[in-house]
Amino acid sequence: MLLGESRAVVRPKLRRNFPDNAALKMSRQQDEQGVVLTAYTSNSEALSAISCKEQTEFPGASRRTGQYNVQRGKAAGAALGSSSGKAPYQRCSSQDSLDEQAMVDYFKEVEIIQRSGDAETQEDLQLKVADEGEQEEAWLMEAGLATLFDESASDGEDGIVLLSTLTRTQAAAVERRVETLKQTLRKRNKPYSVPDVREIFKPSPASQSKDEAGSTERSGSSKQEVEGLGNGAGPDAPGGGADSETDINLEVSFSEQALIYKEGLKVTQLQNEADDRLPDFKVSQDKTGQTRVGDLSAEDMKKVRRLVLIEMSALFDTCGIEVKAHKALKVKVRESGLFGVSLSTLLEQDQRRIPGTKVPLILQHLISHIEEQGLDTEGVLRIPGAATRVKAVCHELEHKFYESMFPWESLKQHDAASLLKLFIRELPYPLLTVEYFNAFISVLKLPTKKQQLQALNLLLLLLPEPNRDTLKALMEFFQRVIDHKDRNKMTLNNVAVVMAPNIFMCKGFRSKISEQQEFAMATGTANIVRLLVRYQNLLWTIPKFILNQVRKQNMENQRKMNRDRAVKKLLKMMYDRERASNKQESNAEAEGGFIRVQAPQFSMVSMAVQLTEDLKASDVLTRFLSQERTLSVKRDDLCLYEMGGNIKERCLDEETYIKALLELNPTAEWVIKSVQH
């Protein structure tokens, strides 16, 4: 076997378990600008995640054992070139490039996890895919559309309103699942009340021509917007084109953009970049402000989640990618403690001590301790702590953490990093959830980097709040580690490959896949972690097109409420008059060039602010602080909220232009409140 100047990582377990008919094909795959994992594939199973049109087989490789080798240096390259008669490396665009040594670290991390023994002592999860029909029923229920197959469902009115706001690709995703469910029930000879898909979106005769015109206009405008932004040819970028592949459009549905891309309006695909040099994606400034996770009310977030589920499915459908969701699991878990406890249980424990806690306290303490020890330490997160010592510290933390008796000063930094990784691995349910685990894995099947980011954005919005907040805290910490890469030697790639096994090797899952699939997943999972860390400022936001759909739903619901209120207006006459008076006063002020800003939590209950083209949310807060001099709250703890009208409640980005937002939501009220970060 040719090793040249290579370092070889031999996994003894692979020697015993690989089937006799498995051939070792070691291919150093290169994309447009870099190389990727030297990979194992089986003769009997072509794994799509690492498939290439051509693969170079290493001469002299055993066909009866599995071994992972990394070829390095000129000697190895010359040997390959002379023996095969081909160029030493073949191109493959299936994965982004990752540094060879970084992938060695991936499998070192896997070995460390195996040696730790924690995976062997845990109860194995039985991951099952829902039966045909069950998945569609569960999907429709989660999307708030249960009434489409169950007339007794309580979401009838909301479902009708939701359907009225869908784009053509979103509507197609709903139709596909309704039709699949209908066919399944027909096969089982079961009575069903699933409507014909043509009836679901059938417009009323009076509005049909208007809707058709609107649909055509929306389709045309969608193409124009995608084409314009894709060409960098917006009003602020005349004659552009060079930056098309790095412009992110948040105003048009991602699945609509994918359909236009598929139909031929393709912009130049961005070439893959090696190591940490991923492209700088740009989002054009929206005068109505960016909406981050946590900025909306729980009621509006429920609508967001339903729309995001439909949109994510539509995006995968449009790209021809089928994603099978696993069934939700019920497993016996610890009801108290720190390790092996569900996030919801941990947060219940923590919130009794510190109300409003969103990230488990044990994880916060571990991160803080690692940072206090200094992020310049070489190999932080990569170099493991002593296994016996880590196990002892874990036991001690369980007994002393909540009593504030644990001796943090004696905890070594590498031990703390190992405990952090152990905490993630021992969660009884995966951090990325069982339900969406396959969807995360499938992200890299999408054809463009932009679409991969869009899918990740949607998936993060689908995660339960504790999972999403915990994942965000981890990604922010990883970025702070990377910021010290010149000293700690932990680049984006290094952090990604070390943390990927801990995030994706959820208990029970690894035992269900073959060793070959594990190799195939290596670069894939590491690349997903890379994207989560690198683009976290984009990913933890709510796209404007989703928010606009929520606004439309709220407007429809408001019209319905107004109709119901009209029936009872005699009982509510005084209330309605007061509301109308307040709105007239507010609108009169706005028309007169002022807005009324409420601040009920503070001594200055309200103030009038002159409305100008350049007035931002930050200006309103500055004006308020200049008048409320006795205020003890910090500036960072204050937020200007948009309330009422077509939104329940929204904490405004400080760069929001008030006049632009007022045009979008003319009846909104403006309230300053303190927020808890």
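What you see is a predicted model, and the numbers here were worked out from it, not measured in a lab.

A. Quick peek at the pattern of salt bridges. Enumeration according to the criterion identifies 26 salt bridges in this entry. The salt bridge partner of Lys324 is Glu322, with a shortest N-O separation of 3.4 Å. According to the relative accessible area criterion, Glu322 is exposed, its value standing at 52%. A network of salt bridges, in which partner residues are shared, links Arg176, Arg177 and Asp317.

B. A look at helix H18 (residues 465–482). Taking 1.5 Å as the rise per residue, H18 with 18 residues should run 26 Å; its terminal C-alpha atoms sit 26 Å apart, in good agreement. Of all 18 residues making up H18, 13 are buried, and the element is well covered by its neighbours.

C. Molecular detail of the side chain of Thr165. Checked against the element boundaries, Thr165 lands in the loop between helix H6 (156–164) and helix H7 (168–187). Here the side chain of Thr165 touches Leu162 through a polar contact of 2.8 Å, landing on its backbone oxygen. In this structure, Thr165 is in contact with Gln170, Leu307, Gln549, Lys552 and Gln553, ignoring residues within four places of it in sequence.

D. Broad picture of the packing of helix H13 (residues 361–372) against helix H15 (residues 413–425). Taken N-terminus to C-terminus, the directions of H13 and H15 make an angle of 150°; their axes are 9 Å apart at the nearest point. By the angle class used here, H13 and H15 are roughly antiparallel. Considering only the axes of H13 and H15, their crossing is left-handed. Contacts from Ile362, Leu363, Leu366, Ile367, His369 and Ile370 of H13 reach H15 at Gln413, Ala416, Ala417, Leu419, Leu420 and Phe423. Here the contact of H13 with H15 is built from residues that sort into 10 nonpolar, 2 polar and no charged.

E. Up close: the side chain of Thr345. Along the chain, Thr345 falls in helix H12 (residues 343–353). Residue Thr345 is classed as buried on the basis of its relative accessible area of 17%.

F. Geometry of the packing of aromatic side chains. Taken as a whole, this structure holds 10 aromatic pairs when the rule is applied. A centroid spacing of 5.1 Å and a plane angle of 65° characterise the contact between Phe401 and Tyr402, whose relative ring orientation is edge-to-face. Aromatic side chains Phe477 and Phe478 sit 6.0 Å apart centroid to centroid with 50° between the ring planes, which places their arrangement in the tilted category. According to the relative accessible area criterion, Phe477 is buried, its value standing at 0%. Residue classification places Phe478 among the buried residues on the basis of a relative accessible area of 0%. Across the ring face of Trp540, the terminal group of Lys472 is positioned such that the distance to the ring centre comes to 5.6 Å. Above the face of the Tyr641 ring, Lys673 is positioned so that its terminal group lies 4.5 Å from the ring centre.

G. Looking closely at the sheet that holds strand E10 (residues 638–644). As summarised here, the arrangement of the 5 strands in space is E9-E8-E12-E10-E11, forming an open sheet in which the pairing is mixed. Both edges of this open sheet fall to strand E9 (606–610) and strand E11 (647–651), since each of them pairs with a single strand only. Strand-to-strand twist of the sheet, defined as the mean angle between neighbouring strand axes without regard to direction, takes the value 30°. Pairing of strand E8 (residues 594–598) with strand E12 (residues 669–674), which is carried by 2 bridges, proceeds in the parallel orientation. Within the sheet, the bridge partner assigned to Val597 lies in E12 and is Trp670.

H. Geometry of the nonpolar core. Leu397 and Leu420 are the most contacted members of the largest nonpolar core, which has 122 residues in total. Discounting residues that sit within four places of it in the chain, Leu420 has contacts with Leu363, Leu366, Ile367, Ile370, Leu474, Phe477 and Met499. In this structure, Ile595, Met604, Leu615 and Trp670 belong to the second largest nonpolar core, which totals 23 residues.

I. Local environment of empty space enclosed by the protein. One pass over the full model with this rule turns up 7 cavities of 30 Å³ or more. Around the second largest cavity, the lining residues are Ile248, Leu250, Phe254, Val283, Gln290, Lys450, Leu453, Gln454, Asn457, Leu538, Leu539 and Thr541. Only helix H17 (449–462) and helix H22 (536–539) provide two or more residues apiece to the lining of the second largest cavity. Considering every element that reaches the lining of the second largest cavity, the biggest residue donor is H17, with 4 residues. Considered class by class, the residues forming the lining of the second largest cavity number 7 nonpolar, 4 polar and 1 charged.

J. Up close: the packing of H7 against helix H10 (residues 254–263). Packing of H7 against H10 brings their axes to within 7 Å, and their N-to-C directions diverge by 100°. When the axis of H7 is compared with that of H10, the two are roughly perpendicular. Across from Arg168, Thr169 and Gln170 in H7, the residues of H10 making contact are Ser255, Glu256, Leu259 and Ile260. Here the contact of H7 with H10 is built from residues that sort into 2 nonpolar, 3 polar and 2 charged.

K. Summary view of the pairing of E10. Burial of E10 is extensive: 5 of the 7 residues sit out of reach of the surface. One ladder, built from 6 bridges, connects E10 with E12; its direction is antiparallel. Bridging across to E12, Glu642 finds its partner in Trp670. Inspection of the sheet shows E10 paired to E11 by 4 bridges, in the antiparallel sense.

Calculation notes
- Residues numbered from 1 in each chain as written.
- Predicted model: local features only at pLDDT ≥ 70, side-chain atom pairs only at ≥ 80, totals over all residues.
- Heavy atoms only, no water.
- Salt bridge = Lys/Arg side-chain N within 4 Å of Asp/Glu carboxyl O.
- Buried < 20%, exposed > 50% of the residue type's maximum accessible area, 1.4 Å probe, protein only.
- Helix = DSSP H or I, 4+ residues; strand = E, 2+ residues; numbered from the N terminus.
- Expected span 1.5 Å × (residues − 1).
- Polar contact = N/O pair within 3.5 Å; in protein donor to acceptor, adjacent residues only side chain to side chain.
- Contact = heavy atoms within 4.5 Å.
- Axes fitted to C-alpha atoms, helices over the stretch in contact; angles between N-to-C directions.
- Parallel < 35°, antiparallel > 145°, perpendicular 65-115°, else oblique.
- Left-handed = near helix turned anticlockwise from the far one by under 90°.
- Nonpolar A, V, L, I, M, F, W, Y, C, P; charged D, E, K, R; others polar.
- Phe/Tyr/Trp six-rings, centres within 6.5 Å; stacked < 30°, edge-to-face > 60°.
- Lys NZ or Arg CZ within 6 Å of the ring centre and 35° of its normal.
- Pairing = 2+ DSSP bridges.
- Core = buried A, V, L, I, M, F, W, Y, C linked by side-chain atoms within 4.5 Å.
- 1 Å grid on protein atoms, 1.4 Å probe; cavity = no way out; pocket = protein on both sides within 12 Å on 5 of 7 lines; lining within 4 Å.
- Points joined across faces, edges and corners; volume = space filled by probe spheres on them.

Geometric values such as these leave the question of function open.
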